[in-house]
Amino acid sequence: MDTTKKKRRIALGCEGSANKLGIGIIAHDPETNEPTVLSNVRHTFVSPPGTGFLPKDTAQHHRAFFVRVAKQALANAGVRPSELDCICYTRGPGMGAPLTSVAVAARTLALLWDKELVGVNHCVGHIEMGRAITGAANPVVLYVSGGNTQVIAYAEQRYRIFGEALDIAVGNCLDRFARTLEISNDPAPGYNIEQLAKKGGRVLLDLPYAVKGMDCSFSGILTRADELAAMMKAGGKGPDGETFTQADLCFSLQETVFAMLVEITERAMAHVGSNQVLIVGGVGCNERLQEMMGAMAAERGGSVYATDERFCIDNGIMIAHAGLLAYETGFKTPLEESTCTQRFRTDEVFVKWRK
Amino acid sequence: MAAHAAPVEFALPQVLTYPAPTPPILVAQGAEGRLYKTTYITPSLPCALKYRSPKQYRHPILDARLTKARIQAEAKVLDRCCREGVPVPAVYALDATAGWLAMEWVDGVPVRQGINVWLGDRPEDDAISDAEVADETPLVDLMKRIGDAVGALHRTGVIHGDLTTSNMMLLPWADGQSNGASSEDGEKKKAVGGDVILIDFGLATQSVTDEDRAVDLYVLERAFASTHPRAERLFTHVLEAYKQTFKKAPSVIRKLEDVRMRGRKKSMLG
Ligand SMILES: Nc1ncnc2c1ncn2[C@@H]1O[C@H](COP(=O)(O)OP(=O)(O)O)[C@@H](O)[C@H]1O
Ligand SMILES: [Mg+2]
């Protein structure tokens, strides 16, 4: 046997900061550092139409499914626990109860298998996975999910937040509007809004467009969209006497909020002099958003990078990947410090693995 | 700003295809507009023509609405600032539907560039410490002039909406004020010298509420921290000068605390 050949490094990552429980296993090549996804398993807690997911029920879901999902991830990867280098888990940000339930499970695995623990920032997980999958070296990042809306650029070993939503996150705005319309949360409210929007577009309803520099806000838009939905349900017409449907509402909402996101992203790109943009987070799956961002980037002579739902939607593999990157620089989270935190800003993380 | 590195050839706005004493120069492809230097409007004097080209990514109705509203708003606000003595370029002409606005040419560089020259090759992980602040007098003075300019702006009831160090220019002082010791020192000092001129009022609104003013400051504070992390500590001088210039500043600064808190709280959900 060739004893000089270095072993590949393998990490298992556990994610549960919102309603998705994800466990994934990644390997980094010892020579090239090239990541390989060995497995990526997810189980989602779906609440009934008209409702959102509550922390208590979501945590209960994660506890109930953790063992099943973990076993599946190991089986799919064909990896034995003894081959793992470390166990990575989401330290935050996210909802307290679900975060804690997954952290407890990750700690248990670390003790059971005698492995190091690595606490990971969820947002940094998204960014690193997006970079790895798309090959975008140093893009401006738009991170859009149910809980976050951030425009991020890397500088001096931190992911710096250039712009963000000043009130609710864009995904939250879409999710809550799906609740207003009482459409299904399966597979995701945002997905169902996207499908409805494809059927709309005869009219563009006027919604308040709220951009402040590289920041934006969505609660005013949601309020207005809710009002218009109520008018529609009551059989009334729009402010200009136009008739409109659910689909037109979804279309108008998407056109407005995505235009805002593209605008703040473009402003950040101009500001840092970049023409690459990477979209991560659950809302990043939206093809209309990808299309709009692509058109903007093309106008600037650049391009957009995006991933599909396997990597956009919360998952365990991104936690494994970002955790392993940190672990390779010597970072680990001692058991007694392996807590979670609901607030954990992207720019708090020292990105030692990048120059 | 990727000013001169614009990789694509842009179609000129129609107004710049008409005969003029000198050909238009594309100065910057900014956030959402293109900035040309041209002598079309005033043959003897260069002017800055800001053109908001239609955005292909945006729904055409939304795009037309935003473009028109923003050119109009920008012109209106510049005009008001000019009249009230806030340092901004004067408006020469506009066509809001066509998406352009011509204004006074500021013969200087963005503040961002000046600060970066000053910080020079300071090691990346070497933030300015308290002990060093004394050596940073020229930069501190610039911070104060920024605070003055923003204070004057808010006093007139205008919210900028996109305060960054790219959206301020440094109009160099006449020579003689740059009595530098060594020439390299002199160059650096010169880089952060000059009057601060506020530009880019495309997102400006009129408001006198503490909340709107505080958000304006918050936008600047964050842009500053992410653009010049090594000089982050000096931002307090902006707020100090703002207080000196603007008598309602104390309640705005108190509000700024709330806005910052809100900003941090938003990172709650993953
Ligand atoms: N009046 C002016 N005189 C000289 N240069 C200007 C003037 N206005 C803008 N510029 C230059 O053009 C750039 C972009 O202009 P700006 O108004 O900020 O547009 P954008 O909305 O595209 O950011 C500025 O950063 C500055 O370098
Ligand atoms: Mg600008």
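Under an unreviewed UniProt entry, the name given to chain B is EKC/KEOPS complex subunit BUD32, and the organism recorded is Lasiosphaeris hirsuta. Recorded in UniProt under Sequence similarities (unreviewed entry), the annotation for chain B is "Belongs to the protein kinase superfamily. BUD32 family." Its UniProt record gives chain B a comment under Subunit (unreviewed entry), which states: "Component of the EKC/KEOPS complex composed of at least BUD32, CGI121, GON7, KAE1 and PCC1; the whole complex dimerizes."

Looking at an unreviewed UniProt entry, one finds chain A named N(6)-L-threonylcarbamoyladenine synthase and attributed to Lasiosphaeris hirsuta. Entered under Catalytic activity (unreviewed entry) in the UniProt record, the comment concerning chain A runs "L-threonylcarbamoyladenylate + adenosine(37) in tRNA = N(6)-L-threonylcarbamoyladenosine(37) in tRNA + AMP + H(+)".

Chemist: Break down helix 2 (residues 111–119) of chain B for me, with residues and values.
Modeler: Taken together, the buried positions of helix 2 of chain B are occupied by Val111, Arg112, Gly114, Ile115, Trp118 and Leu119 of chain B. Buried residues along helix 2 of chain B cover an arc of 165° about the axis, so they all sit on one side. Those residues of helix 2 of chain B hidden inside the fold are in contact with helix 7 (246–272) of chain A together with strand 6 (109–110), helix 3 (137–155), strand 8 (168–171), helix 4 (183–191) and helix 5 (210–227) of chain B. Phi for Gly120 of chain B, located one or two positions after helix 2 of chain B, is positive at around 50°.

Chemist: I'd like a rundown of the sheet that holds strand 6 of chain B, residues and numbers included.
Modeler: Residues and elements named next belong to chain B. The sheet built from 3 strands is open, its strands ordered 6-8-9 with antiparallel pairing. Two strands in the sheet have a free side with no partner beyond their single neighbour: strand 6 and strand 9 (195–198). Strand direction decides the pairing type here: strand 8 and strand 9, joined by 4 bridges, are antiparallel. Within strand 9, the residue paired with Leu171 across the bridge is Asp195. Here helix 3 sits on the sheet and contacts strand 8 and strand 9; the angle it forms with strand 9, its principal contact strand, is near 40°.

Chemist: Quick rundown of the coordination of the magnesium ion (ligand 2)? Include the residues and the values.
Modeler: Residue and element names in this part refer to chain B. Summarising the metal site, the magnesium ion (ligand 2) is bound by the protein donors Asn167 (OD1) and Asp200 (OD), whose distances to it range over 2.1 to 2.2 Å. Here Asn167 is found in the loop between strand 7 (158–159) and strand 8, whereas its partner Asp200 is found in the loop between strand 9 and strand 10 (205–206), with 33 residues between them in sequence. Residues Asn167 and Asp200 agree in their burial class; the two are buried.

Chemist: Residue-level account of the site of ligand 1, with values.
Modeler: Residue and element names in this part refer to chain B. The immediate surroundings of ligand 1 are formed by 20 residues, with Lys50, Glu104, Val106, Asn167 and Asp200 found nearest. Here Gly33 contributes a backbone N or O atom positioned 3.3 Å from an oxygen atom of ligand 1. Within the side chain of Lys50, a nitrogen or oxygen atom sits 3.0 Å from an oxygen atom of ligand 1. Starting from 540 Å² of accessible surface for ligand 1 in isolation, the protein chains cover 96%. Elements with a contribution of two residues or more to the shell around ligand 1: strand 3 (47–51) and strand 5 (100–104). Counting residues domain by domain, the shell around ligand 1 receives three or more from each of domain 1 (14–104) and domain 2 (109–269).

Chemist: Outline the pairing of strand 4 (residues 91–95) of chain B, supporting the account with residue identities and numerical values.
Modeler: Residue and element names in this part refer to chain B. The sheet contact formed by strand 4 and strand 5 spans 4 bridges and is antiparallel. Across the sheet, residue Asp95 finds its bridge partner in strand 5, namely Trp100. Remark: 4 residues form the turn of the hairpin made by strand 4 and strand 5, two consecutive strands paired antiparallel; Gly99 in that turn has positive phi of roughly 85°.

Chemist: Please set out unusual backbone geometry residue by residue, giving values where relevant.
Modeler: Residues and elements named next belong to chain A. Here the residue pair Gly92 and Pro93 is connected by a cis peptide bond, since its omega of -10° sits within 30 degrees of zero. Tracing the sequence through the fold places Pro93 in the loop between strand 4 (86–92) and helix 2 (96–113). With phi around 50°, Glu156 is a residue other than glycine that occupies positive phi space. Mapping Glu156 onto the fold places it in the loop between strand 7 (149–155) and strand 8 (158–164). With phi around 55°, Glu182 is a residue other than glycine that occupies positive phi space. Residue placement: Glu182 occurs in the loop between helix 4 (170–180) and helix 5 (189–199).

Chemist: Report on the packing of aromatic side chains, specifying residues and quantitative values.
Modeler: Going through the model one piece at a time under the given rule, you end up with 3 aromatic pairs over all chains. With a centroid separation of 5.7 Å and an interplanar angle of 45°, the aromatic rings of Phe224 of chain B and Phe235 of chain B are classed as tilted. Taken together, the positions of Phe224 of chain B in helix 5 and Phe235 of chain B in helix 6 (residues 235–245) put the pair 11 residues apart, joining distant regions of the chain. Relative accessible area serves as the criterion here: at 2%, Phe224 of chain B is assigned to the buried category. When the ring of Tyr242 of chain B is compared with that of Phe246 of chain B, the centres are 5.6 Å apart and the planes differ by 70°; the resulting orientation is edge-to-face. The residue whose ring lies beneath Arg354 of chain A is Tyr154 of chain A, and the NZ or CZ to ring-centre distance is 3.9 Å.

Conventions we followed
Per chain, residue numbering runs from 1 following the sequence as it is written. The lettering of chains begins at A and the numbering of ligands begins at 1, in the order of writing. With the structure being a predicted model, the display of local features is reserved for residues of pLDDT at least 70 and the display and counting of side-chain atom pairs for 80 or more, all residues being used for whole-chain, interface and lining totals. Side-chain numbers come from the whole structure's heavy atoms, not from hydrogens or water. UniProt positions are given in the numbering used here, feature names are shortened, and annotations may be inferred rather than shown by experiment. Burial classes: relative accessible area under 20% of the type maximum marks a residue as buried, over 50% as exposed, and values in between as partly exposed (1.4 Å probe, protein chains only). Every helix listed is a DSSP run of H or I at least four residues long, and every strand listed is a run of E at least two residues long, numbered separately from the N terminus. As used here, the arc is the angular range of directions from the helix axis to the C-beta atoms. Between two residues, a contact is recorded if the distance between any of their heavy atoms is within 4.5 Å. Strands qualify as paired when DSSP identifies two bridges or more between them. Lines fitted to the C-alpha atoms define the axes, with helices restricted to the stretch that makes contact. Angles between their N-to-C directions range from 0 to 180 degrees. Metal donors: N, O and S atoms at distances within 2.8 Å, or within 3.2 Å for Na, K and Ca, with water omitted from the atom set so that some sites may seem incomplete. We call a residue near a molecule or strand whenever a single non-hydrogen atom of that residue lies within 4 Å of it. Whenever a nitrogen or oxygen atom comes within 3.5 Å of another N or O atom, the pair is scored as a polar contact, on the condition that within protein one atom can donate a hydrogen and the other can accept it, and that pairs from neighbouring residues in sequence are kept only if both atoms are in side chains. Methods summary: accessible areas were calculated by the Shrake-Rupley approach with a probe of 1.4 Å, and residue burial reflects only the protein chains presented. Where each domain begins and ends is defined by an automated method or by a domain database. Pairing of aromatic rings covers Phe, Tyr and the six-membered ring of Trp, with a centre-to-centre limit of 6.5 Å; geometry is then stacked below 30 degrees between planes, edge-to-face above 60, and tilted otherwise. A ring is scored as having a charge over it whenever the NZ atom of a lysine or the CZ atom of an arginine sits within 6 Å of its centre and within 35 degrees of its normal.

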